[in-house]
Amino acid sequence: MVLESFLVGEGNVPTVLLHGFLGTGRNLRTLATAWSAADPSRRFLLPDLTGHGASPALPPGADLYTLARDVVDTARAKGFTGPFDWVGHSLGGRVSLAGSLHVPEAVKSVTLLDITPGPVPGDLSDSGKVLGILLQAPPRAESRRAMRAELTGRKLSEHLSDWLLMNLVTEPDGVRWRFDRQALAELHSRVNGTDLWAALERKDAPPMRCIRGGRSKYVPDSDADRMVAAGCPVATLPDAGHFVHVDAAQALLEWLLQRA
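Within each chain, residues carry numbers counting from 1 in the order of the written sequence. Reporting of local features is limited, given that this is a predicted model, to residues whose pLDDT is at least 70; pairs of side-chain atoms are given and counted only at 80 or more, and all residues count toward the totals for whole chains, interfaces and linings. Excluding hydrogens and water, the side-chain values take into account all heavy atoms of the structure.

**Considering the pairing of strand β2 (residues 13-18)**
- Burial status follows relative accessibility: with a 1.4 Å probe on protein chains alone, a residue under 20% of its type maximum counts as buried, one over 50% as exposed, and anything between as partly exposed. Secondary structure elements are defined from DSSP: runs of H or I of at least 4 residues count as helices, runs of E of at least 2 residues count as strands, and each element is numbered from the N terminus. Burial runs high along β2: 5 of the 6 residues are buried.
- Only strands joined by at least two bridges in the DSSP assignment are considered to pair. With 4 bridges connecting them, β2 and strand β3 (residues 42-47) associate as parallel partners. Paired with P14 across the strands is R43, a residue of β3.
- As a crossover connection, the stretch from β2 through helix α1 (residues 29-38) into β3 is right-handed.
- Two elements, β2 and strand β4 (residues 84-89), share 4 bridges in a ladder whose sense is parallel. Residue L18 lies in a different strand from β4, and its bridge partner there is G88. By convention a crossover is right-handed if, when the strands point away from the viewer, the path from the first strand over the helix to the second runs clockwise.

**Examining the nonpolar core**
- Only buried residues count toward a nonpolar core, which is a set of Ala, Val, Leu, Ile, Met, Phe, Trp, Tyr and Cys residues joined through side-chain atoms within 4.5 Å. One finds L22, W86, V95, L164 and W177 to be the most contacted residues of the largest nonpolar core, which totals 61 residues.
- Per-element tally for this core: the top contributor is helix α2 (residues 64-77), with 6 residues.
- If you look at the next biggest cluster of nonpolar residues, it comprises 21 residues, including V8, I211, L237 and A248.

**So, the pattern of salt bridges**
- Any Lys or Arg side-chain nitrogen located within 4 Å of an Asp or Glu carboxyl oxygen qualifies as a salt bridge. The tally for this structure, following the rule as stated, stands at 12 salt bridges.
- Residue R140 is joined to D173 by a salt bridge in which the shortest nitrogen-to-oxygen separation is 3.0 Å. Within this pair, whereas R140 is found in strand β6 (residues 140-141), its partner D173 is found in the loop between β7 (168-171) and β8 (174-177), the two being separated by 33 residues in sequence.
- Judged by relative accessible area, which is 55%, D173 ranks as exposed.
- In this structure, D221 engages R212 in a salt bridge whose closest nitrogen and oxygen atoms are separated by 3.0 Å.
- Taking relative accessible area as the criterion, R212 reaches 14% and is therefore assigned buried.
- The structure contains a network of salt bridges with shared partners spanning R140, E171, D173 and R176.

**Comments concerning the environment of D225**
- Along the polypeptide, D225 turns up in helix α9 (residues 221-229).
- Residue D225 is classed as exposed on the basis of its relative accessible area, which comes to 55%.

**Notes on the packing of aromatic side chains**
- Any two of the Phe, Tyr and Trp rings considered here, Trp counted by its six-membered ring, make a pair once their centres fall within 6.5 Å; the pair's planes then place it as stacked at under 30 degrees, edge-to-face at over 60, or tilted in between. By the definition in use, this model includes 5 aromatic pairs.
- Considering the side-chain rings of W35 and F44, the 5.0 Å spacing of their centres and the 50° angle between planes classify their relative orientation as tilted. Just as W35 is buried, F44 falls in that class too.
- Ring geometry for W163 versus F243: centroids 6.2 Å apart, planes at 75°, classification edge-to-face. In this pair, W163 sits in helix α6 (residues 158-164) while F243 sits in the loop between β10 (234-237) and α10 (244-247), placing the two residues 80 residues apart along the sequence.
- Owing to a relative accessible area of 31%, F243 belongs among the partly exposed residues under this scheme.
- Members of the aromatic cluster, each reached through a chain of ring pairs, are F80, F84 and W86.

**Focus: the side chain of T111**
- Structurally, T111 is set in strand β5 (residues 107-113).
- With a relative accessible area of 1%, T111 lands in the buried category.
- In what follows, residue pairs with any heavy atoms lying within 4.5 Å of each other are defined as contacts. Leaving out residues up to four positions away in the same chain, T111 has contacts with W86, V87, G88, R209, W255 and L256.

**Points about the sheet that holds β2**
- The 7 strands are arranged β1-β3-β2-β4-β5-β9-β10 in an open sheet whose pairing can be described as mixed. Taken across any chain shown, the strands that pair with only one partner, and hence form the sheet edges, are β1 (5-8) and β10. Averaged over neighbouring strand pairs, the angle between their axes works out to 20° when direction is ignored.
- Angles here are taken between N-to-C directions and fall from 0 to 180 degrees, while the axes themselves are lines fitted to C-alpha atoms, restricted in helices to the stretch in contact. Helix-sheet contacts for helix α3 (residues 91-102) involve β2, β4, β5 and β9 (208-213), and the interaxial angle to β4 is about 145°.

**Here we look at the packing of helix α4 (residues 126-136) against helix α7 (residues 181-192)**
- Two elements in contact, α4 and α7, have axes separated by 10 Å at closest approach and are oriented at 155°. With respect to their mutual orientation, α4 and α7 come out roughly antiparallel. Crossing geometry of α4 relative to α7 is assigned as left-handed. Mapping the contact onto sequence places S127, G128, L131, L134 and L135 in α4 and R181, Q182, L184, A185 and H188 in α7.
- The residue makeup of the contact of α4 with α7, split by class, is 5 nonpolar, 4 polar and 1 charged. Note that the term roughly parallel is reserved for angles under 35 degrees, roughly antiparallel for angles over 145, roughly perpendicular for angles of 65 to 115, and oblique for everything else. With the far helix as reference, a near helix turned anticlockwise by less than a right angle produces a left-handed crossing, and one turned clockwise produces a right-handed crossing. In this count, Pro and Cys sit with the nonpolar residues alongside Ala, Val, Leu, Ile, Met, Phe, Trp and Tyr, while Asp, Glu, Lys and Arg are called charged and the others, Gly among them, polar.

Written out as structure tokens, the structure reads:
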């Protein structure tokens, strides 16, 4: 399946940037633009993952491997040949790990942005909390302002509400959600429960690295120690939360460039 996507940069080092749950490729545009300016040798592909943004809907039973295969199909359609670098935030990182297991011929390296290979406990999943509020919201509203009021009225922050509103489609009689919320809920449960440690701990694993936010709980110290033992270095951005590419954009870019 070929996904909605766009390209940044004109280099010959193919790199895929993958967004987190409920996001779109646009979430990483600023990072891609800054990275391309600092390292013109790279060419970045930013897809909307399957079921997200303007990409096709999730097929029944879709899992991390489904999403990874669709990323590869899209990269090939855009002219990416051979293996390429995968950089993924949250869900995007887990898709990258799944790709290294299922389509290893397409994976040169994996960079994880604040995510662990292990199953993500429900009480640690910020996306799960946002999804719960999203599922309570109506399928349609008379305007974006009205839908925003529905979300903030359910105690979702203004910032996260505005982020979700990027997934609305405007129609003559109002707005509706672009994605299938129930399908995403099923995907969320499925992918968060997947154990991906084999991606790091097998002998033929590609080079991997991870950076986590010091204020985030997604990569606990115990997981970080296990990742380092498997040959995946872990760095920490002390003042960042889960969205490291937003909270510490310059520090993240410097880390990416130093270890490119």
